[in-house]
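Observations on the three-dimensional arrangement
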Amino acid sequence: LHEYQSQSLMKQMGISVPRGQAVSSKEEALAAAKALTGSDIVVKAQVLAGGRGLGRFANGFKSGVHVCYTAEDAAYVAGRMLGQRLITKQTGAEGRPCSKVLITERMYMRREMYLAILYDREAQGPVIIASSRGGTSIEDIARDDPDAITKFPVSIEKGMMEETALNVAKALGFREESMIKKAMHEVKLLYKLFLEKDATLVEVNPFVETPNGDVVSVDAKINFDDNAEFRQPEIFAQRDPTQEDPREVRASEADLNYIGLDGNIGCLVNGAGLAMATMDIIKLHGGSPANFLDVGGSATEQQVTEAFKILNEDPKVEAILVNIFGGIMRCDVIAQGIINAAKVITMRVPLVVRLQGNKVEEARKLISESGLHIVGADDLDGAAFKACKLAELNHLANEIDVDVLFK
């Protein structure tokens, strides 16, 4: 979720957040800023990336977070942000589009803290991470002052106990009884949100104590369990695909396990372990994988066809390696998916296929009779070697703008 979406959800749960409104035009920004009477204004670019304050926009405008003192200044800043791409250390050189900004009140902070709730494998359940130091990267805190971070496991069966909430409040640095009670109340509400909304992460940084004695969640990052989409349709409807890799959005729509990378060899593999091994061997032979793509054991011909289209249409891909060990996933289904894809797209890169296991002979027969130009391989090492060399040839040809026909 974007920051403004997270704040709206937290507000619905009774959690204290700053006043603010998301806007998508300069005129809306002016009206929202005027509504924040009696307060300085903060304009924050709504882009799903860290380091917004240190980022820059494609138009040269610096920083995705600005403090303003008049509504007119806030509207001007919003106008410079909206419709631009914000580039931060997490976005890469292309940046991400900024279609909304958050106009919010400036919070004066007596203390900044860090609070997160997430699932932990070691604890086999939720864990609360608390630090009396906040407002900066938790990684930096862990490096510079690891003793400032405390973890508190929470029992799924028992829920948030009074003792746990009290210990968290003390770990955050609260000492006065009235402030401890307020902090405990906010911690309980944050845990309630985490559990009821099927979150996998609720990270508040900074978690703030104000001079007026309030405890406020100023900025929050919330992630959700993809498997809970059927239970949380309103939350998942807020997904912003413009902030994601278009390849991953397309793969998600086809229910494929896909993660885009920066290499030039597209990979289509069944099984996460085999996919990781395939990427490792590609690296061993001097290549670089363009993606992680696990078609799983229950993929249909249509899913395989869509996966193939995604790989073939990726401009960075200069060769494709298909590595299937047929078990639950039959080799002939993969083969038919490749053939179906070849009927509707123009194969622009060389294709290396290694098939072994269930229905492999049927798969080889299908490919042989299809007339497709496919480089075969009997083992993974040989397949990866061929894919790397073919990618090198294709790269050299592309550099001098020469078309190469692979047969």
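**Looking at the overall build of the protein chain**
Tallying secondary structure elements over the protein chain gives 13 helices and 19 strands in all. A principal-axis box enclosing the C-alpha atoms of the protein chain has dimensions of 75 × 50 × 40 Å. For the protein chain, buried positions account for 49% of its 407 residues. Long-range pairs, those at least 24 residues apart, make up 68% of the contacts in the protein chain between residues at least 6 apart in sequence. Accessible area for the protein chain stands at about 20400 Å²; split by element, carbon and sulfur atoms hold 50% of it.

**Quick look at the sheet that holds strand β6 (residues 96-97)**
Pairing in this open sheet of three strands is antiparallel, and the strands run β3-β5-β6 from one edge to the other. Among the strands making up the open sheet, the edge pair consists of β3 (56-57) and β6. Bridge count between β3 and strand β5 (residues 85-87): two bridges; the pairing is antiparallel. Looking at the pairing, R56 lines up with I87 of β5.

**Concerning the pairing of strand β13 (residues 220-224)**
Across the two faces of β13 the burial differs, with A220, I222 and F224 buried and K221 and N223 not buried at all. Direction of pairing for strand β11 (residues 199-209) relative to β13: antiparallel, over a ladder of five bridges. Among the inter-strand pairings, A199 is bridged to a residue of β13, identified as F224.

**Some details on the packing of helix α9 (residues 272-284) against helix α13 (residues 380-399)**
It is the contact of α9 with α13, at a shortest axis distance of 9 Å, that shows an interaxial angle of 55 degrees. Comparing their axes, α13 and α9 come out oblique. For α9 against α13, the interelement crossing comes out right-handed. Residue-level contacts link L274, T278, I281 and I282 of α9 to L380, D381, A384 and C388 of α13. Residue composition of the contact of α9 with α13, by class: six nonpolar, one polar and one charged.

Here is what the cut-offs are and how they apply
- Residues numbered from 1 in each chain as written.
- Predicted model: local features only at pLDDT ≥ 70, side-chain atom pairs only at ≥ 80, totals over all residues.
- Heavy atoms only, no water.
- Helix = DSSP H or I, 4+ residues; strand = E, 2+ residues; numbered from the N terminus.
- Buried < 20%, exposed > 50% of the residue type's maximum accessible area, 1.4 Å probe, protein only.
- Contact = heavy atoms within 4.5 Å.
- Areas by Shrake-Rupley, 256 points an atom, 1.4 Å probe, with all protein chains shown as cover.
- Pairing = 2+ DSSP bridges.
- Axes fitted to C-alpha atoms, helices over the stretch in contact; angles between N-to-C directions.
- Parallel < 35°, antiparallel > 145°, perpendicular 65-115°, else oblique.
- Left-handed = near helix turned anticlockwise from the far one by under 90°.
- Nonpolar A, V, L, I, M, F, W, Y, C, P; charged D, E, K, R; others polar.

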